Amino acid sequence: MRELIFATNNKHKLEEVSQLLVGKVNIVSLADAGLEGEIPETADTLQGNALQKAQWVWERTGKDCFADDTGLEVDALGGAPGVYSARYAGEHCTFDDNVNKLLAAMEGKTNRKAAFRTVICLIEGGEARFFEGRVEGCILTGRYGEGGFGYDPIFMPDRYAVSFAEMPLDVKNQISHRGLAVKQLVNYLAN
Ligand code: IMP
């Protein structure tokens, strides 16, 4: 089976993507590839960050690999936090800090529309290709559910009555930004 290193230190992303690629791609984690350390993400676009993360692995291993970068784009905040979603509440902030800051920023707002967007960068033989997934929904007024990670407890996708954190992983994966981007990656790899 095809082997790809996934350039992430986020165990939740690894779990989600592994479930989507089971039987299709053998995913190698950074630990299994013998890589450690913080991967830089200093670009000002999702595409730039995804490329930067995948390049970090490529430069160290010369092996085919991919990375994803995700942003939560909130209408009422002019698209923020967007590419800065990971450090929305500051440099060493937690998921919880980010959620608190977003809930506070959204207090009293009637337009609660938002979208998650993921860009995946695949580096194959040194060449980069990009795949994108997007899901629209809204920001809830409080946290709902225990599953998922990051902003999942406060994001409810359109046409659903529960947050991402209230869904089983396979349901989130079917409709999510990351799930849709991974589907495109799979289509590309299959052809
Ligand atoms: P990054 O792609 O790791 O830079 O993620 C940016 C920020 O969005 C981080 O704070 C993540 O926790 C959050 N995030 C990424 N993917 C998801 C998701 O699927 N659900 C909720 N939050 C996410």
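Shown above is the structure to which this text applies.
Keep in mind that this is a model prediction, so the values were computed, not measured. (Residues numbered from 1 in each chain as written. Predicted model: local features only at pLDDT ≥ 70, side-chain atom pairs only at ≥ 80, totals over all residues. Heavy atoms only, no water.)

S.K.: How would you explain the overall build of the chain if you had to name every residue and give the values?
M.R.: When helices and strands are counted, the chain shows five helices and seven strands. Projected onto its principal axes, the C-alpha coordinates of the chain cover approximately 50 × 30 × 25 Å. Here the chain holds 191 residues, and 45% of them are scored as buried. Long-range contacts, defined as pairs at least 24 residues apart, comprise 56% of the intrachain contacts of the chain with a sequence gap of at least 6. Of the roughly 9,500 Å² of accessible surface on the chain, 48% is carried by carbon and sulfur atoms. With 20 positive and 27 negative side-chain charges, the chain shows a separation of 3 Å between the mean positions of the two kinds. (Helix = DSSP H or I, 4+ residues; strand = E, 2+ residues; numbered from the N terminus. Buried < 20%, exposed > 50% of the residue type's maximum accessible area, 1.4 Å probe, protein only. Contact = heavy atoms within 4.5 Å. Areas by Shrake-Rupley, 256 points an atom, 1.4 Å probe, with all protein chains shown as cover. Lys, Arg positive; Asp, Glu negative; His and termini not counted. Charge placed at Lys NZ, Arg CZ, Asp CG, Glu CD.)

S.K.: I'd like a rundown of the layout of surface pockets, residues and numbers included.
M.R.: The computed volume of the largest pocket comes to approximately 860 Å³. Listing elements by their share of the lining of the largest pocket, those giving two or more residues are β3 (65–74), α3 (95–105) and α5 (177–190). Among the elements that take part in the lining of the largest pocket, β3 stands out by supplying five residues, more than any other. For the lining of the largest pocket, the per-class residue count stands at ten nonpolar, twelve polar and eleven charged. (1 Å grid on protein atoms, 1.4 Å probe; cavity = no way out; pocket = protein on both sides within 12 Å on 5 of 7 lines; lining within 4 Å. Points joined across faces, edges and corners; volume = space filled by probe spheres on them. Nonpolar A, V, L, I, M, F, W, Y, C, P; charged D, E, K, R; others polar.)

S.K.: Tell me about the packing of aromatic side chains, and please be specific about residues and values.
M.R.: Tallied over the full model, the rule gives six aromatic pairs. Centroid distance F116 to F164: 6.1 Å. Interplanar angle 20°. Geometry classified as stacked. Note that F116 is positioned in strand β5 (residues 113–124) and F164 in the loop between β7 (155–157) and α4 (169–175), a separation of 48 residues in sequence. Both residues of the pair, F116 and F164, count as buried. Members of the aromatic cluster, connected to one another through ring pairs, are F116, F155 and F164. One cation-aromatic arrangement involves K101 over Y88; the distance from NZ or CZ to the ring centre is 4.5 Å. The ring of F164 carries the charged tip of K172 above its face, separated from the ring centre by 5.4 Å. (Phe/Tyr/Trp six-rings, centres within 6.5 Å; stacked < 30°, edge-to-face > 60°. Lys NZ or Arg CZ within 6 Å of the ring centre and 35° of its normal.)

S.K.: Report on the site of the ligand, specifying residues and quantitative values.
M.R.: Not every one of the 17 residues close to the ligand is listed here, only the nearest: K13, T70, D152, H177 and R178. Here an oxygen atom of the ligand and a side-chain polar atom of K13 are 2.7 Å apart. One of the backbone N or O atoms of Y151 is found 3.0 Å from a nitrogen atom in the ligand. Within the complex, 95% of the 480 Å² of free accessible area of the ligand lies under protein. (Near = heavy atom within 4 Å. Polar contact = N/O pair within 3.5 Å; in protein donor to acceptor, adjacent residues only side chain to side chain.)

S.K.: Tell me about the pairing of β5, and please be specific about residues and values.
M.R.: Regular strands show a simple pattern: their side chains alternate between the two faces of the sheet. Counting buried residues in β5 gives nine out of twelve residues, a clear majority hidden from the surface. Where β3 meets β5, ten bridges bridge the pair, whose relative direction is antiparallel. Pairing of D69 across the sheet is with V119, part of β5. Bridge count between β5 and strand β6 (residues 127–139): twelve bridges; the pairing is antiparallel. By the bridge assignment, F116 is partnered in β6 with V135. With antiparallel pairing between neighbouring strands as the criterion, β5 and β6 make up a hairpin whose turn holds two residues, including G125 at a positive phi of roughly 55°. (Pairing = 2+ DSSP bridges.)

S.K.: So what's going on with the side chain of S163? Which residues, and what values?
M.R.: Its location among the elements puts S163 in the loop between β7 and α4. The class for S163 is buried, based on a relative accessible area of 0%.

S.K.: Outline the pairing of β3, listing residues and values.
M.R.: Burial within β3 is extensive, with nine of its ten residues counted as buried. Where strand β1 (residues 2–6) meets β3, two bridges bridge the pair, whose relative direction is parallel. From the neighbouring strand, F6 faces β3, where its bridge partner is F66. Sheet analysis places β3 next to strand β4 (residues 81–82), joined by two bridges and oriented antiparallel. When the bridges of β4 are listed, L72 appears paired with G82.

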